[in-house]
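# Survey of secondary and tertiary structure
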Amino acid sequence: MARGIGLGAPLSKIAVSKAHGEDSPYFAGWKAYDEDPYDPVANPTGVIQMGLAENQVSFDLLEDYLEQHPETASWSSGISGFKENALFQDYHGLQSFRKAMASFMEQIRGKRVKFNPDRMVLTAGATAANELLTFILADPGDAVLVPTPYYPGFDRDLQWRTGVKIFPVHCHSSNGFQLTLHSLQSAYSIAEASNLRVKALLITNPSNPLGTTMPRSLLEDILNFISQKNIHLISDEIYSGSVFSSPEFISVAEVVETRQHKNCDGVHIVYSLSKDLGLPGFRVGTIYSYNDRVVTTARRMSSFSLVSSQTQKMLASMLSDEEFTVKYIKTNRERLRRRHGYIVEGLKDAGIECLEGNAGLFCWMNLTQMLEEKSMEGELRLWKMILSEVKLNVSPGSSCYCAEPGWFRVCFANMTEETLEVALRRTKVFVEKIKGRKTNVIFRS
Amino acid sequence: MGFGESEEQLLSKVATNGGHGENSSYFDGWKAYDRDPYHPIQNPEGVIQMGLAENLLCHDLIEEWIRKNPAASICTEEGVSQFSAVANFQDYHGLPIFRQGVAKFMEKGRGGRVRFDPERIVMSGGATGAQETLAFCLADPGDAFLIPVPYYPAFDRDFCWRTRARLLPIHCDSSNNFNITTSALEAAYHQAQKSNIRVKGILISNPSNPLGTTMSKQTLQILLRFVNEKRIHLICDEIFSGTVFKSPRFVSLSEIVEADPTIDRDLIHVVYSLSKDLGLPGFRVGVIYSYNNAVVACARKMSSFGLVSSQTQYLLGCMLGDEEFTSEYLVENARRLAERHGVFTAGLARVGIRCLEGNGGLFCWMDLRALLKEETVEGELELWRVIVNEVKLNVSPGSSFHCAEPGWFRVCFANMDEETTERALRRIRVFVNGEGEEVKMMKTKKKKKNGWDEELRLSLPRRFEEDLVLTPRLMSPHSPLVRATI
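Throughout, a residue's number is its position along its own chain's written sequence, starting from 1. For naming, the first written chain is A and the first written ligand is 1, with later ones following in the order written. Restriction of local features to residues with pLDDT of at least 70 applies here, the model being predicted, together with a cutoff of 80 or more for giving and counting side-chain atom pairs; totals for whole chains, interfaces and linings are based on all residues. Side-chain measures were taken over the full set of non-hydrogen atoms in the model, leaving aside hydrogen atoms and water.

Right, let's get into the overall build of chain A. The helix and strand labels rest on DSSP assignments: H or I over at least four residues marks a helix, E over at least two residues marks a strand, and numbering proceeds from the N terminus. Across its full length, chain A holds 15 helices and 13 strands. Computed over the C-alpha atoms, the radius of gyration of chain A is 23 Å, within 12% of the 22 Å expected from 2.2 N^0.38 for a compact globule of 445 residues. Considering only C-alpha atoms, chain A reaches an extent of 80 × 70 × 60 Å along its principal axes. For the exposure calls, accessible area comes from a 1.4 Å probe over protein chains only, and a residue counts as buried if that area is under 20% of its type's maximum, exposed if over 50%, partly exposed in between. Split into buried and exposed, the 445 residues of chain A put 62% on the buried side. Residue contacts follow a heavy-atom distance rule, with two residues in contact if any of their heavy atoms lie within 4.5 Å. Counted over contacts in chain A with a minimum sequence separation of 6, partners at least 24 positions apart contribute 75%. Total accessible area on chain A is roughly 17100 Å²; 52% of this is exposed by carbon and sulfur atoms. The charged-residue count follows a simple rule in which Lys and Arg add positive charge and Asp and Glu add negative charge, with His and chain termini not counted at all. Think of each charge as sitting on NZ of Lys, CZ of Arg, CG of Asp or CD of Glu. With 48 positive and 50 negative side-chain charges, chain A shows a separation of 3 Å between the mean positions of the two kinds. Note that the radius of gyration is over C-alpha atoms, with the globule rule given as 2.2 Å times the number of residues to the power 0.38. Only the protein chains shown count as cover for residues, and the accessible areas themselves come from Shrake-Rupley with a 1.4 Å probe.

A word on helix α13 (residues 310–320) of chain B. Across the eleven residues of α13 of chain B, ten count as buried, placing the element largely inside the fold. Every buried residue of α13 of chain B is listed here: S310, Q311, T312, Q313, Y314, L315, L316, G317, M319 and L320 of chain B.

Residues and elements named next belong to chain B. Each residue carries a pLDDT value, the predictor's own confidence for that position, ranging from 0 to 100. Overall, the prediction assigns chain B a mean pLDDT of 88, with 87% of residues at 70 or greater. The model gives residues 1–6 a pLDDT under 50, and that stretch makes 14 contacts with residues more than four places away or in other chains. Confidence over residues 435–486 falls short of pLDDT 50; this stretch has 59 contacts with residues more than four positions distant or in other chains. Interface confidence in the predicted complex, given as ipTM, is 0.94; pTM for the same model is 0.92.

As for its placement among the helices and strands, H341 of chain B is situated in helix α14 (residues 323–350). H341 of chain B has contacts with F245, K246, G358, C364 and F413 of chain B, leaving out every residue within four places of it along the chain.

This part covers the nonpolar core. Grouped together as the largest cluster of nonpolar side chains are 301 residues, with contacts concentrated most on M50 and L145 of chain A together with F83 and I202 of chain B. Those residues in contact with L145 of chain A that lie beyond four places of it in its chain are F167, V169, L184, A187, Y188, V198, A200, L201, L202 and F225 of chain A. Take the buried residues of types Ala, Val, Leu, Ile, Met, Phe, Trp, Tyr and Cys, join any two whose side-chain atoms come within 4.5 Å, and each joined set is a nonpolar core.

Moving on, we get to the environment of F244 of chain A. Residues and elements named next belong to chain A. As for its placement among the helices and strands, F244 is situated in the loop between β6 (232–236) and α10 (252–258). With twelve residues separating them in the primary sequence, F244 and V256 have C-alpha atoms 24 Å apart. Ignoring any residue separated from it by four or fewer positions in sequence, one finds F244 in contact with R333, L336, R337, H340, G357, N358, A359, G360 and F412.

What follows concerns the pattern of salt bridges. For salt bridges, the criterion is a side-chain nitrogen of Lys or Arg within 4 Å of an Asp or Glu carboxyl oxygen. Per the counting criterion, the structure on display carries 51 salt bridges over all chains. Of the charged contacts in the structure, one is a salt bridge between R197 of chain A and D142 of chain A, with a shortest N-O distance of 3.1 Å. You can see R197 of chain A sitting in the loop between α8 (181–193) and β5 (198–204) and its partner D142 of chain A sitting in the loop between α6 (125–137) and β3 (143–147), a full 55 residues away along the chain. Each member of the salt-bridge network shares a partner with another, and the members are K13 of chain A together with D140, D143, R198 and K200 of chain B.

It is worth spelling out the sheet that holds strand β12 (residues 396–397) of chain B at this point. Residue and element names in this part refer to chain B. Two strands are said to pair when DSSP picks up at least two bridges between them. One open sheet accounts for four strands, arranged β9-β10-β13-β12; its pairing is antiparallel. On the outer flanks of this sheet lie β9 (354–355) and β12, each paired with one strand and no other. With five bridges joining them, strand β10 (residues 363–367) and strand β13 (residues 408–412) adopt antiparallel strand pairing. Bridge pairing in β13 links F363 to C412.

Each partner contributes residues to the interface: chain B has 86 residues there, and chain A has 79 residues. We define buried area as the total accessible area lost by two parts upon association, computed with a 1.4 Å probe and summed across both. For the pair chain B and chain A, the summed buried surface comes to about 7500 Å²; carbon and sulfur atoms form 58% of the total. Where chain B touches chain A, the interface holds four salt bridges. The closest approach of N and O atoms between K13 of chain A and D140 of chain B, which form a salt bridge, is 3.4 Å. The term polar contact refers here to a pair of N or O atoms within 3.5 Å; inside protein, the definition further demands a hydrogen-donor-capable atom paired with an acceptor-capable atom, and it admits residues adjacent in sequence only when both atoms are side-chain atoms. Put simply, chain B and chain A have 24 residue pairs in polar contact (both at pLDDT 80 or more) between them. Counting residues per element, the side of chain B that touches chain A draws most heavily on helix α7 (residues 126–138) of chain B, which supplies seven residues.

The subject of this paragraph is helix α13 (residues 322–349) of chain A. Residue and element names in this part refer to chain A. The length a helix should cover is 1.5 Å for every residue beyond the first. For α13, with 28 residues, the first-to-last C-alpha span of 40 Å sits near the 40 Å given by 1.5 Å per residue. Listed as buried for α13 are F324, T325, Y328, I329, T331, N332, L336, R339, H340, I343, G346 and L347. G351 lies just past α13 and shows a positive phi near 95°.

What follows deals with the pairing of strand β10 (residues 362–366) of chain A. Residue and element names in this part refer to chain A. The element β10 is largely enclosed, with a buried count of four among its five residues. Looking at chain direction, strand β9 (residues 353–354) and β10 are connected through two bridges and run antiparallel. When the sheet's bridge partners are listed, E353 is paired in β10 with N366. As defined by bridge partners, β10 adjoins strand β13 (residues 407–411) across five bridges and the pair is classed as antiparallel. Bridge pairing links N366 to W407 in β13.

Time to look at the sheet that holds β10 of chain A. All names here are of chain A. Within the open sheet, the four strands sit side by side as β9-β10-β13-β12. Their pairing is antiparallel. Only two strands of the sheet have a single neighbouring strand rather than two, namely β9 and β12 (395–396). Whenever a helix is involved, its axis is fitted only over the stretch in contact; in every case the axis is a line through C-alpha atoms, and angles between N-to-C directions fall within 0 to 180 degrees. Together, β9, β10 and β13 form the strand contacts of α13, whose direction differs from that of β10 by roughly 15°.

For the rest of this paragraph, the subject is the packing of helix α6 (residues 96–109) of chain B against α14 of chain B. All names here are of chain B. It is at 10 Å that the axes of α6 and α14 come closest, and there the two elements cross at 35°. The element α6 and its partner α14 pack so that their crossing is right-handed. Mapping the contact onto sequence places K104, F105, K108 and G109 in α6 and E323, T326, S327 and L330 in α14. Each residue gets one of three labels, nonpolar for Ala, Val, Leu, Ile, Met, Phe, Trp, Tyr, Cys and Pro, charged for Asp, Glu, Lys and Arg, and polar for the others, Gly among them. Counted by class, the contact of α6 with α14 contains two nonpolar, three polar and three charged residues. Helix crossings get a hand from a simple test, with the near helix turned counterclockwise from the far one by less than a right angle marking a left-handed crossing and a clockwise turn marking a right-handed one.

Further remarks concern the pairing of strand β8 (residues 285–290) of chain B. Residues and elements named next belong to chain B. The element β8 is extensively covered by neighbouring structure, given that six of its six residues are classed as buried. Pairing of strand β2 (residues 121–125) with β8 involves five bridges; the strand directions are antiparallel. Residue pairing across strands places M123 opposite V287, the latter belonging to β8. Bridge count between strand β7 (residues 268–273) and β8: five bridges; the pairing is antiparallel. Within β8, the residue paired with V270 across the bridge is Y289.

A few words now on unusual backbone geometry. Negative phi is the rule for most residues except glycine; trans is the rule for most peptide bonds. Residue N209 of chain B is joined to P210 of chain B through a cis peptide bond whose omega torsion reads 15°. Position of P210 of chain B relative to the elements: it lies in the loop between β5 (199–205) and α10 (217–230). Following S247 of chain B, the chain continues to P248 of chain B via a peptide bond in cis, the omega torsion being 5°. A positive phi angle, close to 55°, is found at N263 of chain A, a residue other than glycine. Of note, N263 of chain A is situated in the loop between α10 and β7 (267–272). With a relative accessible area of 45%, N263 of chain A lands in the partly exposed category. One non-glycine residue, Y401 of chain A, lies in positive phi territory at about 60°. Within the secondary structure, Y401 of chain A is located in the loop between β12 and β13. The exposure class assigned to Y401 of chain A is partly exposed, which follows from its relative accessible area of 35%.

The next thing to look at is the state of the cysteines. The rule for a disulfide is simple: a pair of cysteine sulfur atoms within 2.5 Å. This model, assessed by the stated rule, comprises zero disulfides over all chains. You can see C411 of chain A has no disulfide; the closest cysteine sulfur is in C363 of chain A, sitting 9.1 Å from it. No disulfide involves C364 of chain B; its sulfur sits 4.3 Å from the nearest other cysteine sulfur, which is in C355 of chain B.

Exposure above 30% relative accessible area and the lack of any salt bridge qualify a residue for a patch; like charges then connect within 9 Å, and the nonpolar side chains Val, Leu, Ile, Met, Phe, Trp and Tyr within 5 Å. On the surface, a cluster of negative charge is made up of D64 and E67 of chain A together with E77 and E78 of chain B. The exposed category is assigned to E77 of chain B, whose relative accessible area is 73%.

Residues and elements named next belong to chain B. Position of E380 relative to the elements: it lies in helix α15 (residues 377–389). The buried charged residue E380 lacks any salt bridge, with R369 as its nearest oppositely charged partner at 9.1 Å. The residues touching E380, leaving out its near neighbours within four places in the chain, are L372, E374, P397, G398, S399, E405, P406, G407, W408 and F409.

Helices that pack against each other are described as a pair by the angle of their axes relative to one another and the distance between those axes. Residue and element names in this part refer to chain A. With their axes 10 Å apart at the nearest point, helix α5 (residues 95–108) and α13 run at an angle of 40° to one another. Put simply, α5 runs oblique to α13. Seen along the crossing, α5 lies across α13 with a hand that is right-handed. The segment α5 lies against α13, with F104, Q107 and I108 engaging E322, T325, V326, I329 and R333. Small angles under 35 degrees read as roughly parallel and large ones over 145 as roughly antiparallel, with 65 to 115 read as roughly perpendicular and the rest as oblique.

What follows is the structure in structure tokens.
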């Protein structure tokens, strides 16, 4: 037998590539936090995590529900029994759960749309949903248009194992980073000219990291655009339940219904319970497609990432309770609005403006005036300073592929109000220090 | 303008190439069952599902544990204090109690003869997700893994569909109980090389699906020598490791690897799941255990696409951490499986149907070669259609497992209660035994022509025989039945 000297055998190209995206500064900040995490008592000078778009403001509503509805916890007998649930691995998913999800999604959209539970494909999180759709809609080497700035995880979800390329559609602060038909057409032409075959457009609405929603006119333009170019539209609506102030959220589903489902074979919606319900650990994602072929194929492919039947059953119970979901959606929105208002005021008080946002779990901060150099390097230097001196983990715009340096995403819903207060206090001190430095520099020169 | 006729080109190749594998005969039987499912009261003449390798024998034990341990559920009064922490936990390392519980359970399933490091436990969307993830980590599109036949049909989907990797067969047959030989290994490897296909590794299942047997230490050593020499990977799917109910005892790959320092551990990867041993396929608990650090790191990143629900991690982490329970469970599970296996194989033997001698798994590998009208895949599928449509049993034809010899069928025995088992055996008895002079005449003729085992008689239900007399051309030209009636 050959002597085992640990030479191993080669791994795949995918395995050695960096396309998983974990070397991005987006994750380096998490590591800084992991090494020195803030705790009000045990580590009051630690790093405060403001880079994680989690919703922790409404857990008590879920816990209260569970306490009042003990049947959610247990398996009864017969068809709702433990055995049947534990054996249930049908990739169609529990019908009761799909119905409950459809109903929940309708509630969020003010019942202005109808979702057919049979078009709902369940996946282990939106992460799996986006990758799965990419596998179905594009071949290796094809391109997907994605407006910038965008959620850094899309690099991994859309590109890593699929071999598909993201082609950015740059948006600018001149119009609040809003996507325009013009920029779409321009990006499409450039992609085509580079011999890239564009197969889809992926939008996130409400937007991460901007915290804004798209107006109806833009959605109409988008639908016309994809129809004209014969490409698909993926609308990631994971933050749809986190729209806390006007303008009201308009889903692409609404526009499809207004058009009486004409030409909607290319429209696919991604949703998840990770943000609106604050349950990222449960891995509950869904693809809602108006295309039968995509539904069938996605369902088959979901075998690689099904939702635990235990979790499906528990949530089916909770989400079909309309009294609960109405109250939850309303209360959650109010709390997010309050929290958002608090951080925006606090930042303003510190001299920092944010993009006007109406949704999501974060603000898009304008720190362009604090850059020593208006470049990506300048932004990263500022970011490292914020991380090491202010001990706040925020996300630099460059990690979201923002076309303009100096913008940062700061999350506000993943901590207590007290912690947020501490963060704002630190921010104010920091901004004054920076201003002071700049004044000194001017004085000296 | 819209989609419509040109829709085909608007989906990817992966979406349209049939790689999902659902056109296989393996799934046709499921469809027949879905259309006409057996129910003891509502539909006693329906199709009995014997094509699904599920373990339904021990849920009562698990249910009892859950009832006695309400704190393991984050939704009960006792457990709800953990709700927000668990619900928020999406770290792809997984909950520590989960990883520790799984590692301990895997150790117990191997009689405490190996050590599993919880830090190497990586989650996946069931074993389905685990196989795909490993293929993504180890193979480029077009690369191949060698795999002994017969094998679990869905490996084609799991290992090849989205990864574009390939599975190439290592020939095994009944001449030596389907064991892997060095010559078969070498032949498969060289065949691939001749076709300019890069072999990146070997994929085995131990215990084997569909054979229901465990691999001997010698065979595992042959495989390890081979991969070490060729510097290729070895993936061992041990999903049925906790269902070994008879001797020889289960020898896991890890046992040999731990004892032999000349084996390059960077080549060794184990797949596990709780779907079979614990009967929890709905919970989607897949595990990749690799001895290669780079593979652990990569697979862990990929696990983002198929993490186990933290609610489920928590429940199972608590349960698998109860060592008294798991020890008792594994013993009782093996005992019940042994009993069921015994009843079933005895029932088959009584009508002259032999099975490969099995010691694990949830199924038997039945030898129905003597019932074939012709020793071909078509002959096997014809027999299979009779079994599904006339005998009303969904069994799985060997060809759907890529078996090299026609006439073998996998029949599952652990996914039903005792009464259904009895009923299935009764139907088989009725099918195999016959009544009437025509059958005796057929038997005599057959003995002269083919020297078949005289205990075995082929009988077709009345209706089919009538069709046969009227239209003999329906039968294959080699059918002894046609000759008998002319």
